[in-house]
2 protein chains.
Amino acid sequence: MYFAEPVAKLIEHLGKLPGIGPKTAQKLALYLLEIPEEEARALAEAIITARKNTKYCSVCFNLTDTDPCAICQNPGRNHRLLMVVEEPKDVAAMERTGSFNGIYHVLHGVLSPIKGIGPEDLKVRELLLRLSREPVEEIIIATNPTVEGEATAMYLASLLKPLNFKVTRIAHGLPVGSDIEYADELTIRKALEGRRVLE
Amino acid sequence: MYFAEPVAKLIEHLGKLPGIGPKTAQKLALYLLEIPEEEARALAEAIITARKNTKYCSVCFNLTDTDPCAICQNPGRNHRLLMVVEEPKDVAAMERTGSFNGIYHVLHGVLSPIKGIGPEDLKVRELLLRLSREPVEEIIIATNPTVEGEATAMYLASLLKPLNFKVTRIAHGLPVGSDIEYADELTIRKALEGRRVLE
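All of the points below concern the structure found in this document. (Residues numbered from 1 in each chain as written. Chains lettered and ligands numbered in written order. Predicted model: local features only at pLDDT ≥ 70, side-chain atom pairs only at ≥ 80, totals over all residues. Heavy atoms only, no water.)

**As for the overall build of chain A**
Filter applied, for reference: Helix and strand labels come from DSSP, where a helix needs a run of H or I of at least four residues and a strand needs a run of E of at least two; each type is numbered from the N terminus. Just to be clear, the radius of gyration here is over C-alpha atoms, and the globule rule we use is 2.2 Å times residues to the power 0.38. Between buried and exposed lies partly exposed: a residue is buried under 20% and exposed over 50% of the maximum accessible area for its type, with that area taken using a 1.4 Å probe on protein chains only. Here a residue-residue contact requires only that any non-hydrogen atoms of the pair lie within 4.5 Å. To measure how exposed things are, a 1.4 Å probe is used in the Shrake-Rupley method; for residues, cover is taken only from the protein chains shown. When charges are counted, neither His nor the chain ends are considered; positive counts come from Lys and Arg and negative counts from Asp and Glu. To locate a charge, take atom NZ for lysine, CZ for arginine, CG for aspartate or CD for glutamate.
Along chain A, the regular secondary structure elements total 8 helices and 6 strands. Seen in sequence order, chain A has helices and strands lined up from the N terminus as α-α-α-β-β-α-β-α-β-α-β-α-β-α. Relative to the compact-globule value of 16 Å for 199 residues, chain A shows a C-alpha radius of gyration of 22 Å, a clear excess of over 25%. In terms of principal-axis extent, the alpha carbons of chain A reach across some 65 × 45 × 40 Å. Counting all 199 residues of chain A, 43% fall into the buried class. Once local pairs closer than 6 in sequence are excluded, the contacts in chain A between residues at least 24 apart make up 49%. Just so you have it, chain A exposes about 11400 Å², and 55% of that area is on carbon and sulfur atoms. Averaged over its 24 positive side-chain charges, chain A has a centre that lies 4 Å from the centre of its 27 negative ones.

**Describing the packing of helix 1 (residues 5-14) of chain A against helix 2 (residues 22-34) of chain A**
All names here are of chain A. Applied cut-off: A fitted line through C-alpha atoms serves as each axis, taken over the contacting stretch for helices, and the angle formed by two N-to-C directions is quoted from 0 to 180°. Small angles under 35 degrees read as roughly parallel and large ones over 145 as roughly antiparallel, with 65 to 115 read as roughly perpendicular and the rest as oblique. Each helix crossing is assigned a hand: it is left-handed if the near helix lies turned anticlockwise from the far helix by less than a right angle, otherwise right-handed if that turn is clockwise. Side-chain classes are defined by residue name, with Ala, Val, Leu, Ile, Met, Phe, Trp, Tyr, Cys and Pro counting as nonpolar, Asp, Glu, Lys and Arg as charged, and the others, Gly among them, as polar.
Where helix 1 contacts helix 2, the axes come no closer than 8 Å and their chain directions differ by 125 degrees. With respect to each other, helix 1 and helix 2 are oriented oblique. In the packing of helix 1 onto helix 2, the handedness of the crossing is right-handed. Contacts between helix 1 and helix 2 involve V7, L10, I11 and L14 from the first element and A25, Q26, L28, A29, L32 and L33 from the second. Looking at side-chain class alone, the contact of helix 1 with helix 2 contains 9 nonpolar, 1 polar and no charged residues.

What follows is the structure in structure tokens.
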């Protein structure tokens, strides 16, 4: 033990966080011991409060401190337009753009045969249940443009189309500000497939 | 606000940590909300416990949960050999090598005219006081091999030599496993100056 026991323990706990190696854990621990006590305490309390006061919305399964969440409760949002995303962080990313005014449904994962994740592990049944009582017309599937995200999109489309919803998928293509030269072939192919008439 | 308020607050607090940007803060916050509650609570409690139960040793000013610290209290250590370091993390680095059996004195910084840090901001007076009552014979100055660390070493040497202590400085030279080709000129010059007879 090269540090006093409470310090060693703090380093150990910080080292369990994703992407935090032993050196960073040590740096963070010593930082937390240096700053004013109330700042360190504020972080500790923020962890406990966030755990205590957040849950998943019983409607859309986004992280929330009210149930239903602020978005589901908001009559100003378009409840006819529902976007399906993988994780709460995708809701945050979408909200940041300010360009979507519909409501969300968070799957909490994607289908992955390799990891043994099937539809029953995602909020799919909850989505169908919800669609049976809500006035949704269009469903935008905004899972990530990865193999698993695509497979999940396909699966959901096959499930939802027969129920007469308009099912759409966010566009694939070249990211704004990127270089065609450095784009991968699949992205270029998708960008070509998704081409639009300039008017 | 793209996340529920307690989540946003947690992200904000995590984002204040050194080297943690907004993206990492978001990742860490969502991770802390996903793991079992007791693990998140354990981290929060480790922060509070570390703050409550650690202080600086009143003798050597290292971080400790007992006063004097375990090293200062240990009769098995050589109390005639004292190493001066900048920070508690340097004590940990030195202890990890297992090659030093003396005692320490932590300065808590280095002299820096630019940042306005003078001897009165470091534990220098405490060092002199300590030396007047402890049986120290040799003082190893192990401040970092930086401009400020060097200046601090010079200053301490000028202070301690007239008091008839043997004052030494850790060696500068090429790090083990490094390449002469890529070493900077100053390091090579120091390595030459510090050359030793092979016997």
